[in-house]
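# Chains, contacts and geometry: an overview
Take a look at the letters that make up each chain.
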Amino acid sequence: MKQRAAHLEYWRQITAPSLFKMSDDSVPRVWIVGSSIIRRLYAHVCEQGLDRSLGLRCKVKWEGRGGRLWEQLLPVLRSLRAKAPAPDILIIHLGGNSLCREGRNRLDFLREMKTDLAEVFRIFPRTRLLFSFILPRLHWRGQTARSAYGVERSRRWLNGAISGFLAERQMRCIRHSNIDLSHLTRDGVHLSPKGNELLLSNLREALENI
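Residues numbered from 1 in each chain as written. Predicted model: local features only at pLDDT ≥ 70, side-chain atom pairs only at ≥ 80, totals over all residues. Heavy atoms only, no water.

## What to know about the pattern of salt bridges
Using the criterion set out here, one finds 12 salt bridges in the structure. In this structure, Glu71 engages Arg101 in a salt bridge whose closest nitrogen and oxygen atoms are separated by 2.4 Å. Of this pair, Glu71 sits in the loop between β2 (59–64) and α3 (73–83) while Arg101 is found in the loop between β3 (89–93) and α4 (106–123), placing the two residues 30 residues apart along the sequence. Exposure remark for Glu71: the relative accessible area of 26% places this residue in the partly exposed category. (Salt bridge = Lys/Arg side-chain N within 4 Å of Asp/Glu carboxyl O. Helix = DSSP H or I, 4+ residues; strand = E, 2+ residues; numbered from the N terminus. Buried < 20%, exposed > 50% of the residue type's maximum accessible area, 1.4 Å probe, protein only.)

Okay, here's the thing in structure tokens:
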């Protein structure tokens, strides 16, 4: 408990809004688009009184929704683009809810992801893209087998394949190697407070080093 309190106090100090004099006309625009993982992460940021811009000199738009599928990525991005200028940096955290879609294997899903990401590049030609790796789970939407072993193999394979695809285009991924099944809540899907802290740190570090 003391360690967790110290961690949160550290975050409050380094993300205090007063430390970052931001000008909307000059700071980078960042969109973080995802599923309930991102929605809950944003709630965690607000509940803990942390800076919604992750303590960085940027302007962050959080766009997380529970149950969001990979198939909804392009409609969401087009909707956002119709209302605001293109972001300088786009973080995508999606795919976990679509891994077990009936009638599609992982090769089909990879092709779909690559096609959609190519369209993202077309819509946002000057935007820097960061793909946030699909996190491990105990339970997957649409899972039919009793064991999630096969889904876990597909998750790792897809993350690696997308990483290679983006590397060819000088884009990067956020790997989350410090997050495992021990950082899930009882539902076996969403992140615990500690898991959210780690995810937040990973996103911030990725933005700092972009």
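## Some remarks on the packing of aromatic side chains
Applying the stated criterion across every chain yields a total of five aromatic pairs. Measuring from ring centre to ring centre gives 5.7 Å for Trp31 and Phe124, while their planes differ by 85°; the resulting arrangement is edge-to-face. Of the two residues, Trp31 is situated in strand β1 (residues 29–34) and Phe124 in the loop between α4 and β4 (128–132); the sequence distance between them amounts to 93 residues. Across this residue pair, the class does not change: Trp31 and Phe124 are buried. The structure contains a cluster of three or more aromatic residues connected by ring pairs, namely Trp70, Phe131 and Phe133. Across the ring face of Phe109, the terminal group of Arg104 is positioned such that the distance to the ring centre comes to 4.2 Å. One cation-aromatic arrangement involves Arg169 over Phe165; the distance from NZ or CZ to the ring centre is 3.8 Å. (Phe/Tyr/Trp six-rings, centres within 6.5 Å; stacked < 30°, edge-to-face > 60°. Lys NZ or Arg CZ within 6 Å of the ring centre and 35° of its normal.)

## Considering the environment of Gly66
With respect to the helices, strands and loops of the structure, Gly66 is situated in the loop between β2 and α3. Gly66 sits 31 residues away from Asn97 along the chain, and the two C-alpha atoms are 9.7 Å apart.

## Description of the environment of Ser201
Locating Ser201 in the fold gives a position in helix α6 (residues 193–208). On the basis of relative accessible area, Ser201 is assigned to the partly exposed category, the value being 23%. Sequence separation between Ser201 and Leu54 is 147 residues, and the spatial gap between their C-alpha atoms is 8.6 Å.

## Things to note about the side chain of Arg68
Mapped onto the fold, Arg68 is located in the loop between β2 and α3. A distance of 3.0 Å separates a polar atom in the side chain of Arg68 from the backbone oxygen of Gly34. Among all residues touching Arg68, those that are not within four sequence positions of it are Val33, Gly34, Ser35, Glu63, Val76, Leu94 and Asn97. (Polar contact = N/O pair within 3.5 Å; in protein donor to acceptor, adjacent residues only side chain to side chain. Contact = heavy atoms within 4.5 Å.)

## Quick word on the sheet that holds strand β5 (residues 172–174)
One open sheet holds the five strands; their spatial order is β2-β1-β3-β4-β5, and the pairing between them is parallel. Of all the strands in the sheet, just β2 and β5 have a single pairing partner and so form its edges. Each strand axis lies, on average, 20° off the axis of its neighbour in the sheet, ignoring direction. Here four bridges tie β3 to β4, and the two strands are oriented parallel to one another. (Pairing = 2+ DSSP bridges. Axes fitted to C-alpha atoms, helices over the stretch in contact; angles between N-to-C directions.)

## Quick look at α3
Turning to α3, its buried residues are Leu73, Leu74, Val76, Leu77 and Leu80. Angular distribution of buried residues about the axis of α3 spans 160°; they occupy a single face of the element. The exposed residues of α3 that point more than 90 degrees off its buried face are Ala82 and Lys83. Each element contacted by the buried residues of α3 is listed here: β1, β2, β3 and α4. (Arc of directions from axis to C-beta.)

Spatial relationships are all this shows, so hold off on functional conclusions.
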